[in-house]
Amino acid sequence: MPPTSDSGGSGPRDLRRPGPAGDRPPARWAHRPVIAFRIVSVLFTVNTLVQAALAGLFVNGDVGLLTAHDVNAHVLTMMLVAETAAATVAWRARANRVWPTVLGAALLVLIVVQQIAGYSRNLLLHIPLGVALFGGACTMTVWAFTLTLPVRTLKALHR
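The structure displayed is predicted, hence computed values, not measured ones.

Quick word on the overall build of the protein chain
Phase 1 of the analysis: Within the protein chain, the regular secondary structure consists of 5 helices and 0 strands.
Phase 2 of the analysis: Across the protein chain, every contact between residues at least 6 apart in sequence was considered, and the portion connecting residues at least 24 apart equals 64%.
Phase 3 of the analysis: Surface accessibility of the protein chain: about 9800 Å² in total, with carbon and sulfur atoms responsible for 69%.

This is the structure in structure tokens:
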């Protein structure tokens, strides 16, 4: 193994051992979890709007859209799982704070209660929960786009 120059010597440095923070090469991949979080957040928010449109059209008399509303509810749940996972990965990559992961977990509980209320035809609970889910989706999306990357990562992206 080649000698290291961690003590300030002039010999070659072992690249497998990280030195001081300024010596480490910039992480070119560190932006990817944030980009994934942004994409999934936008898709979830748009699909939440589609879900509201399907519900509105069903209420206006197009009974056939109830099946589409039901199928889309399951798609929304899977998308929310993906969004929460993306928020967690972005948090673990130290690009953000923990609260989007916590909000995603809370929205997962909320979406399960929403589905239970929908299947039991409890519209008094189902409709306000849908509005709350849309608010949570918008909050996650706005947060994803106000996220800033570490300066080290930004410099790596511009090389």
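What to know about the UniProt feature "transmembrane region" (unreviewed entry) in the protein chain
Phase 1 of the analysis: This chain's UniProt record puts "transmembrane region" (unreviewed entry) on residues 35-59, 71-91, 98-117 and 123-149.
Phase 2 of the analysis: Helix makes up 100% of residues 71-91 and strand 0%, and the two end C-alpha atoms of the span are 30 Å apart.
Phase 3 of the analysis: In residues 98-117, helix accounts for 95% and strand for 0%; the two terminal C-alpha atoms are 29 Å from one another.

Description of the side chain of threonine 77
Phase 1 of the analysis: Within the secondary structure, threonine 77 sits in helix α2 (residues 65-92).
Phase 2 of the analysis: For threonine 77, a relative accessible area of 14% gives the class buried.
Phase 3 of the analysis: Excluding residues within four positions of it along the chain, threonine 77 makes contact with Leu108, Ile111 and Gln115.

Some words on helix α4 (residues 123-146)
Turn by turn, an α-helix covers 3.6 residues, leaving residues three or four places apart pointing in a common direction.
Phase 1 of the analysis: For α4, spanning 24 residues, the distance from its first C-alpha to its last is 34 Å, which sits close to the expected 34 Å at 1.5 Å a residue.
Phase 2 of the analysis: Among all positions in α4, only His126, Leu129, Leu133, Gly136, Ala137, Met140, Thr141, Trp143 and Ala144 are buried.
Phase 3 of the analysis: Looking at the buried residues of α4, the elements they touch are α1 (32-59), α2 and α3 (99-119).

Examining unusual backbone geometry
Phase 1 of the analysis: The backbone of arginine 121 sits at a positive phi, close to 60°, despite the residue not being glycine.
Phase 2 of the analysis: Inspection of the secondary structure assignment puts arginine 121 in the loop between α3 and α4.
Phase 3 of the analysis: By relative accessible area, which is 60% here, arginine 121 ends up exposed.

Section: the layout of surface pockets
Phase 1 of the analysis: Taken as a whole, the largest pocket spans an internal volume of roughly 700 Å³.
Phase 2 of the analysis: Along the walls of the largest pocket sit 27 residues, with Gln51, Ala55, His69, Gln114 and His126 positioned nearest its centre.
Phase 3 of the analysis: Sorting the residues of the lining of the largest pocket by element identifies α1, α2, α3 and α4 as the ones contributing at least two each.
Phase 4 of the analysis: Per element, the largest residue contribution to the lining of the largest pocket is 9 residues, and it comes from α1.

A few points about the packing of α3 against α4
Phase 1 of the analysis: Here α3 crosses α4 at 160°, and the two axes come no closer than 9 Å. The angle between α3 and α4 places the two elements in the roughly antiparallel class. Here the hand of the crossing between α3 and α4 comes out left-handed. In contact with Trp99, Pro100, Leu103, Gly104, Leu107, Leu110, Ile111, Val113, Gln114, Ala117 and Gly118 of α3, α4 contributes Leu125, His126, Leu129, Gly130, Ala132, Leu133, Gly136, Ala137, Thr139, Met140 and Trp143.
Phase 2 of the analysis: In the contact of α3 with α4, the residues fall into 15 nonpolar, 7 polar and no charged.

Each value, and the rule that gives it
- Residues numbered from 1 in each chain as written.
- Predicted model: local features only at pLDDT ≥ 70, side-chain atom pairs only at ≥ 80, totals over all residues.
- Heavy atoms only, no water.
- Helix = DSSP H or I, 4+ residues; strand = E, 2+ residues; numbered from the N terminus.
- Contact = heavy atoms within 4.5 Å.
- Areas by Shrake-Rupley, 256 points an atom, 1.4 Å probe, with all protein chains shown as cover.
- UniProt positions renumbered as here; feature names shortened; annotations may be inferred.
- Buried < 20%, exposed > 50% of the residue type's maximum accessible area, 1.4 Å probe, protein only.
- Expected span 1.5 Å × (residues − 1).
- 1 Å grid on protein atoms, 1.4 Å probe; cavity = no way out; pocket = protein on both sides within 12 Å on 5 of 7 lines; lining within 4 Å.
- Points joined across faces, edges and corners; volume = space filled by probe spheres on them.
- Axes fitted to C-alpha atoms, helices over the stretch in contact; angles between N-to-C directions.
- Parallel < 35°, antiparallel > 145°, perpendicular 65-115°, else oblique.
- Left-handed = near helix turned anticlockwise from the far one by under 90°.
- Nonpolar A, V, L, I, M, F, W, Y, C, P; charged D, E, K, R; others polar.

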